[in-house]
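Survey of secondary and tertiary structure
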Amino acid sequence: MNRAVFLDRDGVINAAIYNPVEGKLDSPYSLEDFRLLAGAAQAVRAISEMGFLAVVVSNQPGIAKGKCDYSFLEAVNARLRRHLTQEAAFLDAIYYCLHHPHAQVKALRAECDCRKPKPGLLRRAAQDLGIDLARSYMVGDSPTDVQAGLAAGCRTILIDGERRPQPADSAATPHHTASDLLAAVEAIKREGGIVWRSS
Ligand SMILES: [Mg+2]
Ligand SMILES: [Zn+2]
């Protein structure tokens with residue numbers, strides 16, 4: 001069985017972008033806005049070097065909400081992989097939930113089991129890639145990432161670089177907090193992640 005570090009995308013690997021209309025951080029919706037966060041490529045590389053699969057699990061309701069189309073999402077993936085490759089970092093898989101319960105696009109309007117905080121994306125990846133969820137990690141910058149990780153039976157790390165208030169809800173209490181992805185990977189190393197080898 002493989003171990004994985006599941007990674008949220010926006011705010012973990014690449015910068016989330018402030019959306020002034022919604023008054024909150026959002027996915028980048030122009031390629032010019034897409035940039036890797038400092039240390040992210042190095043962290044992804046370290047995940048592979050420790051013998052973990054690096055698997056992105058991300059809610060991307062932009063198509064459902066009419067903010068972008070499939071070709072844009074493909075272009076972002078290509079850019080993401082290219083930026084990582086330039087630093088010898090590699091993602092084993094990318095899983096997106098494209099659904100939204102109030103989607104404008106009817107085909108994507110659903111109460112699905114894969115939109116985090118639900119664990120569907122992690123479970124699907126585990127099936128596809130032979131991942132032992134109990135020996136894997138979920139790293140994200142939102143309480144919903146932590147909830148999804150906990151629901152899947154993973155260990156969880158919340159990136160709290162923006163010093164968001166922690167929810168009192170114990171369903172979203174992470175095993176660790178870290179300032180960024182590189183610090184999260186250090187926490188995994190400290191837990192002995194490096195001891196394990198894929199067979
Ligand atoms: Mg995020
Ligand atoms: Zn979904």
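Placed above this text is the structure.
Residues numbered from 1 in each chain as written. Chains lettered and ligands numbered in written order. Predicted model: local features only at pLDDT ≥ 70, side-chain atom pairs only at ≥ 80, totals over all residues. Heavy atoms only, no water.

Okay, the packing of helix 1 (residues 40–49) against helix 5 (residues 181–190) next. Packing of helix 1 against helix 5 leaves a shortest axis separation of 8 Å and a crossing angle of 25°. Looking at the two axes, helix 1 sits roughly parallel to helix 5. Seen along the crossing, helix 1 lies across helix 5 with a hand that is left-handed. Note on element contacts: helix 5 touches helix 1 through Leu 181, Leu 182 and Val 185, opposite Ala 40, Gln 42, Ala 43, Val 44, Ala 46 and Ile 47. A per-class count over the contact of helix 1 with helix 5 returns eight nonpolar, one polar and no charged. (Axes fitted to C-alpha atoms, helices over the stretch in contact; angles between N-to-C directions. Helix = DSSP H or I, 4+ residues; strand = E, 2+ residues; numbered from the N terminus. Parallel < 35°, antiparallel > 145°, perpendicular 65-115°, else oblique. Left-handed = near helix turned anticlockwise from the far one by under 90°. Contact = heavy atoms within 4.5 Å. Nonpolar A, V, L, I, M, F, W, Y, C, P; charged D, E, K, R; others polar.)

Here the focus is the packing of aromatic side chains. Across all of its chains, the model carries two aromatic pairs by this definition. Taking the centre distance of 6.4 Å and the plane angle of 35° together, the rings of Tyr 29 and Phe 72 count as tilted. With a gap of 43 residues between them, Tyr 29 in the loop between strand 3 (24–26) and helix 1 and Phe 72 in helix 2 (residues 70–86) connect regions that are remote in the sequence. Since its relative accessible area comes to 25%, Tyr 29 is described here as partly exposed. Here Phe 72 falls in the buried class, since its relative accessible area comes to 14%. (Phe/Tyr/Trp six-rings, centres within 6.5 Å; stacked < 30°, edge-to-face > 60°. Buried < 20%, exposed > 50% of the residue type's maximum accessible area, 1.4 Å probe, protein only.)

With that out of the way, let us pick up the coordination of the magnesium ion (ligand 1). With distances of 2.1 to 2.3 Å, the protein atoms coordinating the magnesium ion (ligand 1) are Asp 8 (OD), Asp 10 (O) and Asp 141 (OD). Of note, the donors binding the magnesium ion (ligand 1) are all from one chain and are spaced D-x1-D-x130-D. Look at Asp 8 and you get buried, because its relative accessible area is 7%. With a relative accessible area of 10%, Asp 10 lands in the buried category. (Donors = N, O, S within 2.8 Å, 3.2 Å for Na, K, Ca; no water.)

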